[in-house]
Amino acid sequence: MDGLTYALTAVTTPSTVLAAAGGVLWGILGGALPGLSPSIAMALLLPFTFDMSPLAAIIMLTGVYIGAEYGGSIPAILIRTPGTNAAAATVIDGYTLHQQGRGGEALGLSLVAGTIAGLVGLICLVLLTAPLSALALYFKPPAYFALAFLGLSIIAALSEGSLVKGLIMGVIGLMVSTVGTDPLSGVTRFTFDEPDLLGGIDYIFVMLGVFAVAELMSKVAEKDGGDGGITKTVARVKLPSLQKLWELRRAQAIGTAVGIIEGPIPGAGGTVAAFLSYNETKRWSKTPEKFGKGSEEGVVAPEAANNAVTSSALIPTLSFGIPGSNSMAILLGGLLIHGIQPGPMLLSSRPDLVYGLFGGLFMSNIFMLIFGLLVLGPAIWLVNRPKPYLTAGIFMVVLSGIYVINQSLFDFWIVLAAGIIGYGMRLLKFPVLPLILGIVLGYMVESNYRRSLLLTNGEHRVFFENPLSLGLLICAGLIIGMAILSEIRRFRRSGVEVHG
């Protein structure tokens, strides 16, 4: 009953209700802007959560994530330009429906399907978080090190096709995490007599740089194609009837199930879930010939999938402190900023936060339904603004957010440097998430590794004597091994194509 009390408190507290509403509203508008992904929308808002309570801050960030996943479908359906990567699958049938004069219906299907899937995903999150957190009693420094190492091994899974580049960025991230004061001895490291580096390089500045500033640089470098092919057509959301929802129950079920399963898998996320659910729904549909020609199932399935991901992706982030996507890495940063260490102990140490977050997620999904009906006009207006105005406005938000944190010009230089590096990474096709994982998990890896060795006088066998630590290390080894095999097969295929 305590958990229900915490959730009810969250949904009746004005600050958390406003945080959920504000996050969803910004997420929808941010998701409607092509190229502004959920992770970037979250990163832009992250500095403004500093003075908020931890619960309100986390609810706001998750609200942005939920709102952005729906917001991405608005330009996908109306102007054939997905606002987010996950909305790319929605373009196939959503825009076709719009051309047939049924854009309002497509928007309504997207909104309702996403809301239903988000609520079902929330139920799964509630059911799975507590059992996983029951493992907390078995976690000691060796197990925490193995858990962090498992998180780092995800770099290999996220770097398919560029394993070496992913490992390089992971190592750089670990190097950045060592700047500042030694976690055990208190000795300063790599500060170069700069007082501003004594506390280390805050990962929030790196996130803002490699996500937001690098994206702005990419947009500035792009050629402006006039109005970008944006139509001035205005559509009104038309909610589906209960009978229509019943007819589309198969697509809804497939999309929701795929999203729930794909969400916790590192590197999968809404994009993979959306396309996989689209394919499976077409396979099991009674009218597969309609797909690509304006199928309602082709809109419901991917939208249900990418919205179900928003809840299920939280499972490994909250239970183990391992982010499987850029958006979850931003959320993890938000937790750490407020002094909250996600992991197996989170539910027992901060049940008010966990169950309050569940209440906040419920509110966010309801607000998505409400705002989805209300903000379509402003969202379309925002999408139609000239690119220079949009870029300047977003950059203003970034700069003001940076200054709010410490009122320090040194932070500006850190963010700009990270932005330049992030832009270079984009040009050279280096993955971003390994860098973020290295920075976020670096302290956890180093501190628990050294604590374990201090407890055993330098004996490394402690990591293999602890059953939980051994199991996690084996899982990490399997992930790395599969990534290496995949890389070898890729090289062999490319070699065959060259010689063929």
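Residues numbered from 1 in each chain as written. Predicted model: local features only at pLDDT ≥ 70, side-chain atom pairs only at ≥ 80, totals over all residues. Heavy atoms only, no water.

In the nomenclature of an unreviewed UniProt entry, the protein chain is known as Tricarboxylic transport membrane protein of Paracoccus versutus.

**Looking at helix α4 (residues 54-71)**
Over its 18 residues, α4 extends 25 Å from the first C-alpha to the last, a length consistent with the 26 Å expected when each residue adds 1.5 Å. Of all the 18 residues making up α4, 17 are buried; the element is thus mostly covered by neighbouring parts of the structure. (Helix = DSSP H or I, 4+ residues; strand = E, 2+ residues; numbered from the N terminus. Expected span 1.5 Å × (residues − 1). Buried < 20%, exposed > 50% of the residue type's maximum accessible area, 1.4 Å probe, protein only.)

**As for the packing of aromatic side chains**
On inspection of all chains with the given rule, the structure shows 7 aromatic pairs. Relative to F463, the ring of F145 lies with its centre 4.8 Å away and its plane at 50°, an arrangement referred to as tilted. In this pair, F145 is assigned in helix α8 (residues 141-157) and F463 in helix α23 (residues 462-465), connecting sequence segments 318 residues apart. Overall, F145 belongs to the buried group, its relative accessible area being 12%. Ring centres of Y449 and F463 lie 5.8 Å apart, and the angle between their planes is 5°; this geometry places the pair in the stacked category. Of the two residues, Y449 is situated in helix α22 (residues 433-455) and F463 in helix α23; the sequence distance between them amounts to 14 residues. A residue is classified by how much of its surface remains accessible, and Y449, at 28% relative accessible area, is partly exposed. (Phe/Tyr/Trp six-rings, centres within 6.5 Å; stacked < 30°, edge-to-face > 60°.)

**Some points on the packing of α4 against helix α14 (residues 297-312)**
Where α4 contacts α14, the two axes come as close as 9 Å, and the packing angle between them is 170°. In terms of orientation, α4 lies roughly antiparallel with respect to α14. Contacts from Y65, I66, E69 and Y70 of α4 reach α14 at E303, N306, N307, V309 and T310. Split by residue class, the contact of α4 with α14 holds 4 nonpolar, 3 polar and 2 charged. (Axes fitted to C-alpha atoms, helices over the stretch in contact; angles between N-to-C directions. Parallel < 35°, antiparallel > 145°, perpendicular 65-115°, else oblique. Contact = heavy atoms within 4.5 Å. Nonpolar A, V, L, I, M, F, W, Y, C, P; charged D, E, K, R; others polar.)

**Details of the pattern of salt bridges**
Pairs can form between side chains of opposite charge once their charged atoms are near each other. According to the stated counting rule, one finds 11 salt bridges in the structure shown. A salt bridge links E247 to K244; the shortest N-O distance between them is 3.6 Å. Of this pair, E247 and K244 both sit in helix α11 (residues 242-247), 3 residues apart, roughly one helical turn. Relative accessible area serves as the criterion here: at 45%, E247 is assigned to the partly exposed category. Judged by its relative accessible area of 24%, K244 is partly exposed. Between E296 and K244 there is a salt bridge, and its shortest N-O distance comes to 3.1 Å. Here E296 is found in the loop between α13 (269-284) and α14, whereas its partner K244 is found in helix α11, with 52 residues between them in sequence. Through salt bridges with shared partners, one network takes in R102, E105, K244, E247 and E296. (Salt bridge = Lys/Arg side-chain N within 4 Å of Asp/Glu carboxyl O.)

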